[in-house]
Structure formats: C-alpha cells, structure tokens
Amino acid sequence: MTMRKSVRKLIVAAPFFFQALAAYAAVPATSAFNTDPVEVHVAERSAEAFAQINEILCYIAQTKYDAFVNKGPYRALVDSNPCKSNKDDPNAAAASSQDQTSGSNSPNYMTWTLNVTRADNASPEAIDFWVSGAGGGNGSKMKIQAHMVVSAGASASNPLGLFKLDYIGYPVVGGVVGTTSVMQGYMAVTLQGGKPQLAFYDTSSNNGNGGGPQVQRVVLDRSADGTTGDGTTVEGDGTQFTFAFDSNFFHRKSGASDVCYSRTAFDQTAWSYGLYDSVTGDRIVRNSGFPISVTKNGNTLHGYVGYWGLWLPDGSTLSNGDTVTRESQNGSAGVPYTLFEAGGRLTLHTRKQVTLGSIAGIPLNWQTMGQNNTPGTQFEVHWDSAQHAFIKTRQMQQQQGGTMQWIDINPPVALTSSDFGTQQDFQAFSQSLGGDVRIALFNPDHSQATFSDTSAVQLVLQTLVRPDDATPPPATLRCYESCPDTTQLTAANPYHAPGTPNNYTFDLSSMLLKEGSTPVLMTTNSATQFQFGLQTGLLFDPTPTNLNLLKCDWNPAETCSWKAWQALDHFYTWETGPNSWNQLTLLKDGSGNFLKFDSPLEVVFSYLASSVSLGSSDLLTKVPYKDGSSFRLEYAGFGQLQGIPGICFDPLSNKPTACGPGTRWLPQFSLNDGSVLQDATDNTKSYLSKALAKEERMQKQPDLTNCATLTLPTSLVLPDQTGLSTPTGTEPAVTAAPAVIGGVLQ
C-alpha cells in the first residue's frame, strides 16, 4: 500500500489530480519537459473555505515528506509565496503593483522541522512537523505544530486517501513562543457508509482584528469514484453554502443565490510554469543560493543566503565580516565563508529600445503628477494600435479599511496631452516588460510628440553591481531627480530639491554610495511610502559627452536629466532600506573571491493568439494585445514565471467582471505548453514553457434545469470543536542542512 502523494490539494467540486499530456515531439520523450507532472484543480466559490487548509497542504507538498519515511528528522525551507491563498485577491495584486523595488519577487521562507515514520507497509504513516516563521496576520508570527496520520494512500477510487491532520498555532512575540493558541483545527477523510467523507474545522483569533474567533467548517460526502456527492461549507464570516453534484452538473445554493454549473465544460488558467531547454527538454534551474548556519551569542541560527540577500529566522541580523557556514547534507563540516554586507545595492541599467507597436496592449502602471511634483493618481494604461492612443482602463483607489484596489474605468478613456501636465517623459512601470518604461513626450524642437506604432520606447535591463565586475562604476555619479539628502534620510521627504545637480561617489571597498563622506543608508523610516525601501533617480557619469547629450533643447546651458532615458546607453540607481532585498549580501571564500548567485532570468514572449489560452471565452473581445506584442517576463526559478497581466473574475459566474470586493484576480491568459520564450540577454538561447499548476472553472448554466435531479443535503453534520486534538511532542534538534528548499530536494 503506497503512501506517496497521499495528501492532495482539496477542491469540493472535483479533486486535485495529475494530468497526463501527450509527449511534445520537439524534445526527447523522456525529458523533464515531457515527464514533469501537471497539477490540476477545480476552483469553486463554495470551496473558498478550503483556502487555509489548501495553503497548508501546498506547504506540506514542498517538504517532499514522502521521500523521508523512517529517515529521521530533517529540515525544509518552505517558500510561502507560491502557496498564498490570497494570490487571486485584487487587493494583493494592487499591493504588488505598488511594490516596484528589486525584492517584489523575492522568496519568503519558513523553517519546517519534520519527522516521518511508519512501522511497516501495513501500518499508517505518521508525519510530525513544526513550523517557525509562519505568518499570523498583521505582521505577527506563529509557531505551528501539527500531527498527520495517513492510513490509506490515494487511489483511483479515493484520490484523497484516508488521513487526519491536527494542527495548532501559538503566537511568537519577541522570539518567545506563547502558551495560548491563536489557531487550531483539523482535517480528516474517513469512510462513512463505504464512502469517503471529508471534514474540516478551523478556529482562529481573527488575526487580532477583534470581533471574536473566526470559525470555518466543511463537510463533504462523495461517492467512491468521486462522480457524485454533496456537502456544506461555513466560512469565517458565517456565509454558508450547500451543494450537490453528479458527473455532469454541480448545484450550489447560498441564501437567495441558487446556481447550476457544468462539470464537463471548463475555463482554464495556469498558475505556475517551468522553463525547459528547447533542445534537450531539461529543466532550467537557477543557482539562487544555499542554506547557511551561524553562531551568535551562543545560539546556532539556520538561514539562507542568495541573490535576494540574507534570510535568518525571527528577523535575526548579522554584521559585515561575520563567518557563516554552508551547511552540508551528510553532517560533515560545512564550508566557511565571510559575510560581506552593504546597506544598499547599486544597479546598472542598460537601455534597450523597442517600439510602441511591439508592446501594444501590454498594461503599464502610470501615475499623474500632483502639485509640487507630488505623486497623483495611479492608472493602468496600454497602447492601442487601432486608436493610435494610450487608453486608461483601470484606476487605483483606496477602499474602506485603507487597502488599495484596481477599479475598472468603463468605458475606457484615451489619454490626452493635458493628462501629462508638465511631465517631459511618459514614465511608467510594467511587470510584463521587466520594470521601467519611458517614452519621450516632446520632439528635439520641443514640439509635442505624435505617437504611432513606430514611436520609440525605452526599456532597461538591470544588472546588480558587484565588487568583482570587470568594469567598475564611474568615480562620480550625478543625480538631478530623487537625489537622497543624507541629512534628511529619516524625514518624510529625504530628497534634495529636484532639478539641481548632486554628486555622489561609489566606494568599491564598502560598496556604498556616498554623499561627501556620508553613506546613503536608510535602515528605518516611519513614512509609509518607504516601507519597501528608498530608490534614487537615475545616476550617470557626468562626462562632457553625457552632459552634452542631456542639454535642454530650449536652453543648452541647462541639463535635462530626464533625457537620459532616451540618450544614455547606461546609467545607475541606488537602493537602500531595512529589507534584505534593499541590501547587498555577498560571500567571500577563503581566497577572498566572491561567490556569485544567479539573478532571475529575463525572457521575452512574443504574443500570438494561437500560442495562448484565454481564461474565458468572454475575453475574446477584451484582450488588447496584438500578435507580436513582446512581454518581458521574469523567471525566478522552477514554477516561478512572473509578469503575465491579470484581470478580475466574478467567483459566482466565473466570468470577467469589474474589480471590486469579492472578485478574484486571475492571469489574463495562459501560455500553451511548448510556447517559445527567448532569453532577453542572449538571443541564441530559447526555452519552452510548460504549465505546472492549472485551475479549472466550471461554466455557469443559464438556469437550474440541468440541476433539477440534484438534491441539496439537509442532514449532513458539520464538524465542531469536539474533533480537536492538540499535537504533542518536542521538536527534534536537526543540525544538518535543509534537505529541501522551495520544494526542491537538495
């Protein structure tokens, strides 16, 4: 009796399953491209009560626990980002669009200690785990302890298996674990009358938001083969759903809402992708870092160091010059390295010119300017080739409670010259184009520019500056806009007055930007706009040639620094702040050489209607892209391809809708398996994409006729607190390096 892959992501309408695909003939049939499994699940509104447990089970899947049965305790670093239950939340999408620092895609690790045991092949499998660094809401942390017993593995007749998972979470304050729980729950699949029944109960303290505990309850009764069943869910706010389904249709009722869906007609969305070599079909793997340990004040800390900086549990910090040890898997002595840390990081920007026609339809985040050059309203716009205009489609608005959310502009509105005010450049940011976007608003004679598909657009490739680069930064860097004033770095406005020249130097020995002899460092700032760190305007080498290129067209005696986006091939920006991704972290070996970690891979996807799948047939008239539009996507590692734009969906109708409370934020399109993506820096390299996780949404029926034979349950018993069981046992000490990082066996 196998226990492998015995616990799977759970969806009410249909179980999680692995989808077999036909072999892609362009690469070997035995290659990873053709053999890597595809996870598919059905998303349904009444299944939202599963969000928290699905998140936990996604974490568990990253631990690869089935590979460690009876092998003793081990540690895993689990990245919470791919498993977040709010990834389809429009508010989360809005927050992501506002975070334009280098760390917006950095991993967020939790430390898991696990012990997996099984007496023999006829006995249940027991998994005990302890989680450090789990989020408890409102920035708080929890220590989670759990015990799971798997008594039967997944099978064709019961793809959920039979198991019981008990968990409890305690608050962590100042590094001390509390004794009063803030979360507790259980989930179980048992046989009832020969059929598998799922029960889920969770109670939490509402993340400290008041109003008493939040309780979620679920019961699902289904046939052995999963084709028929019924159930009831109760969400934390008391919303209740009842449902019933057979092999063809799904009937759901909640209050006055009574709807019928097809179980044979679906819309599909891909949530994660792998990239593969276009010839061999091998996975594209990034060398992004490795686990380390360090002893501080008599305590041994286990962390991770990589391209995004240093991560240590519970916000612990190290100092420049500290010794860290690369942890080994076999318990042998690890390799020591010297930590080199700077409180900021310098980035080299290399300009790349494309045309408006090549980015037609791709969303750009653009912001108006208020009085005194203060930030104004943020819009999502795109270039429309047919109308020869930029079109405003969404506006960022603050909602009740302070959250920001995209609100659709209906009908969309074309930008006019008056919208740009005194701006000299059209300045935007696009995750789909790799970062900053600049377009000249004026011709050299200072006449208003007229836009067309052939108009020049400036994009940039970003490279982190290292002390061992072959070409170091210039001795002097000049700044005209967003230039930090080292005497005001804790103020609400830490910048010099715009338009005046400010010179800085870059110290290669300390890797710090300096104004005079004072480093430009921001370690704390109470202003909300700097929670993600501070970034300068562009910095450039003030050579006579560069200054001549930046002369103002209407007055050659003045310098128009904004022209650098159109005129200079290279320039720099400096970033500093309290977050690890705002800082430079490197390791030196015993010979004084710096180790190098891979940055995220930038790839170019040329849009073709035939190479993508839309999330809904209703999007056929809404997708603004044209064939040939070039997206610049970022591949941070296996399963982490970012930059595909999103759109809001109604979870009740499963159709596109205006963004607002209760809507979902989904990728606007999905790449078909085998789509070709080009390396952004080496056009001789190309990669194949493959979806690794897909979501299916049932199509709503026009009325209840097709669900007339489905009877909603009235006698199912919802689980309650009597089923709670508190996990016991002491967390084992593990000195070896993490055996799994981000779902990858080490």
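From a predicted model like this one, the values you see are computed outputs, not experimental measurements.

(A) Focus on the side chain of Ser223. Inspection of the secondary structure assignment puts Ser223 in the loop between strand 11 (214-222) and strand 12 (229-234). Of note is the side chain of Ser223, whose polar atom sits 3.3 Å from the backbone nitrogen of Thr227. When residues no more than four places from it in sequence are discounted, the contact partners of Ser223 are Lys195, Pro196 and Thr228.

(B) Focus on the sheet that holds strand 36 (residues 584-588). What the six strands build is an open sheet, ordered 18-17-16-19-20-36; its pairing is antiparallel. Each having just a single partner strand, strand 18 (309-311) and strand 36 make up the two edges of the open sheet. Ignoring strand direction, the axes of neighbouring strands in this sheet form an average angle of 40°.

(C) Quick peek at the state of the cysteines. Enumeration according to the criterion identifies four disulfides in this entry. The partner cysteine of Cys479 in its disulfide is Cys483, sulfur to sulfur 2.1 Å. Between Cys479 and Cys483, the S-S dihedral sits near -95°, and the bridge is therefore left-handed. Judged by its relative accessible area of 0%, Cys479 falls in the buried class.

(D) Seen up close, the pairing of strand 16 (residues 289-296). Of all the eight residues making up strand 16, six are buried; the element is thus mostly covered by neighbouring parts of the structure. As paired strands, strand 16 and strand 17 (residues 299-306) are joined by eight bridges and run antiparallel to one another. Considered in strand 17, the bridge of Ile292 is made with Gly303. A loop of two residues connects strand 16 with strand 17, the two strands running antiparallel in sequence, and Asn297 in this loop sits at a positive phi of about 55°.

(E) Examining the nonpolar core more closely. By size, the foremost hydrophobic cluster in this structure holds 48 residues, and its most contacted members are Phe390, Phe426, Phe605, Phe669 and Leu671. Setting aside residues no more than four positions away along its own chain, Phe605 makes contact with Ser611, Val612, Ser629, Ser630, Phe631, Leu633, Phe669, Leu671, Ser675, Val676 and Leu677.

Cut-offs and rules
Residues numbered from 1 in each chain as written. Predicted model: local features only at pLDDT ≥ 70, side-chain atom pairs only at ≥ 80, totals over all residues. Heavy atoms only, no water. Helix = DSSP H or I, 4+ residues; strand = E, 2+ residues; numbered from the N terminus. Polar contact = N/O pair within 3.5 Å; in protein donor to acceptor, adjacent residues only side chain to side chain. Contact = heavy atoms within 4.5 Å. Pairing = 2+ DSSP bridges. Axes fitted to C-alpha atoms, helices over the stretch in contact; angles between N-to-C directions. Disulfide = S-S within 2.5 Å. Buried < 20%, exposed > 50% of the residue type's maximum accessible area, 1.4 Å probe, protein only. Core = buried A, V, L, I, M, F, W, Y, C linked by side-chain atoms within 4.5 Å.

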